[in-house]
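Observations on the three-dimensional arrangement
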Amino acid sequence: MNQNPEELSDTIVALSTPPGRSAIGLIRMSGPEALAITKRVFRLPDTKDLHHRLAVYGQVIHPESRQILDDGVVVFMRGPHSYTGEDLVEIGLHGSPLVLETVVRILTQEGARLAERGEFTRRAFLAGKMDLMQAEAVIDLIEAHSLSAAQEARVRLDSSMMPLKDLSDALKDNLALIEAHIDFDEDDEYQLPDVLPAIRNVLSRMETVRRYSEKALIIRKGIQVCIAGKPNVGKSTLFNALLRNERTIVSPIPGTTRDTVEDRIILGSHALALWDTAGVRESGSIVENEGIKRTLDTIEKAHLVVAVVDGTTGIDQFDEAILKTCTSKNLVLVVNKMDLVVDGNAMDSLVMKVERPTAFISAKTGQGMAALEDLLVEQIDAMTSCGESEGSVALNSRCLQLLNAASAPLERIRNLFGEGVTPSPEIIAYEIRCALSLLEEMTGERVDDGVLDRIFERFCVGK
Ligand SMILES: Nc1nc2c(ncn2[C@@H]2O[C@H](COP(=O)(O)OP(=O)(O)OP(=O)(O)O)[C@@H](O)[C@H]2O)c(=O)[nH]1
Ligand SMILES: [Mg+2]
């Protein structure tokens, strides 16, 4: 959808609630004619008129039959004090798909045009009501699969772009110094302004934003948790217990699970992708070896490993080998089959040596499961906590890519100085300009229609 200014001046309408029967349905109309069209279609009590932000009861009248189609409440918001920055009307009616569709059709006959996906938010962006990163946070909020993802999007929606603006401003200041030098120092009489400290500072702040954003990205995409351990320790039993569903086969035969099995759960406020894996051991079987290879790959990509050991046998060299592959990972140790353990103390000293958060459970009887779930939530909270924002801002994947691209030209300048080469002022100016234009693409200060189209295609109609 390429939008020229003329198209922006028309009035758009859409059903903003999901299609289908519901208690109420909400129709939204935005643009210069929104108020006039509403007044033609909506009959208000004689004493009432539509005023800014005032909810008014009235009836929708069919233009031909003059019959009452439905009654409901209209709220008018005068631009620029509205979501889109334009005159905006929200009409709440009964949630009959047929009536709502008819009312939308009548509104189009009266001069409104059916809105495209995300067009209300696109207008809000073009009217300067929000920047592009906030517009993207709107869709992430709507699509969130967990409360923590919704909260993360909410933070981005409210967050100030100051950290990015500070970076741009620092670059602009230094670009101005370099450009002045190019203009006024034709004979190379003066020393090149020392931009290196500023470039280093910008790069280090970009790194902070990157680290902060990567945590936020984990929340948005769901935390990947891998249950791993030797064969027969009870991984599948634990997987099923966490899912509260007999999802995978459990049997006393070691090597039962051959392939990685995935399912999703909500734990605390987090969405988890939970993997059950094949037990890791030396095996002659080709199929089992392939399963074990997949387990190791899954451990590699997991954000958190739940390493299961058998409480009746203790921690042996095979368990230790698995724990060693997880040295750099977030890990929770689970000592299982505690219902069969007579002397719990024997296990304590072994567990102490592992020095990882530990839960003692019986996946079969449910003993200790609630404590394990609490421990997992605690660990995930700690892993995903962005702490006090330290003046940072969470970027989505599009912006993270742009940030990485923007740091590249600055790194080139820093590296040249590092190698003892003083780049020409023209090169420095060129590289800073490259970085600046990528930063501006993040917030939408400089962005082409193709990028906007791709972003707003993700929205639903009516948002
Ligand atoms: N008593 C007791 N038995 C358990 C417990 N957890 C699992 N088991 C039993 O241990 C055996 C193996 O359980 P699984 O869940 O299949 O073990 P696994 O780790 O997935 O095994 P593989 O898929 O072969 O690697 C089954 O007979 C389970 O019933 C437990 O907490 N207590
Ligand atoms: Mg299994």
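Once that is clear, we can look at the site of ligand 1. Not every one of the 23 residues close to ligand 1 is listed here, only the nearest: Lys235, Thr237, Gly255, Thr256 and Thr257. Contacts to ligand 1 include Ser251, whose backbone N or O atom sits 3.2 Å from an oxygen atom. Asn336 is positioned such that a nitrogen or oxygen atom in its side chain is 3.1 Å from an oxygen atom of ligand 1. Out of a free accessible area of 650 Å², ligand 1 has 93% covered by protein chains. With three residues, helix α9 (residues 235-243) is the largest single contributor of residues to the shell around ligand 1.

Split by domain assignment, the chain resolves into domain 1 (5-131), domain 2 (162-216 + 396-443) and domain 3 (222-384). The distance between the C-alpha centroids of domain 1 and domain 3 comes to 54 Å.

Further remarks concern the pattern of salt bridges. Here the structure, examined in full by the defined rule, presents 33 salt bridges. Of the charged contacts in the structure, one is a salt bridge between Lys39 and Asp49, with a shortest N-O distance of 3.5 Å. You can see Lys39 sitting in helix α2 (residues 34-41) and its partner Asp49 sitting in the loop between β3 (42-43) and β4 (55-61), a full 10 residues away along the chain. The exposure class of Asp49 is partly exposed, given its relative accessible area of 32%. Where Lys172 meets Glu440, a salt bridge forms, and the shortest distance between an N and an O atom there is 3.9 Å. You can see Lys172 sitting in helix α7 (residues 162-184) and its partner Glu440 sitting in helix α15 (residues 425-443), a full 268 residues away along the chain. In this structure Lys172 comes out as partly exposed when scored by relative accessible area, which is 34%. Glu440 gets classed as buried once you look at its relative accessible area, which sits at 9%.

Thresholds applied
- Residues numbered from 1 in each chain as written.
- Chains lettered and ligands numbered in written order.
- Predicted model: local features only at pLDDT ≥ 70, side-chain atom pairs only at ≥ 80, totals over all residues.
- Heavy atoms only, no water.
- Near = heavy atom within 4 Å.
- Polar contact = N/O pair within 3.5 Å; in protein donor to acceptor, adjacent residues only side chain to side chain.
- Areas by Shrake-Rupley, 256 points an atom, 1.4 Å probe, with all protein chains shown as cover.
- Helix = DSSP H or I, 4+ residues; strand = E, 2+ residues; numbered from the N terminus.
- Domains from an automatic or database assignment.
- Salt bridge = Lys/Arg side-chain N within 4 Å of Asp/Glu carboxyl O.
- Buried < 20%, exposed > 50% of the residue type's maximum accessible area, 1.4 Å probe, protein only.

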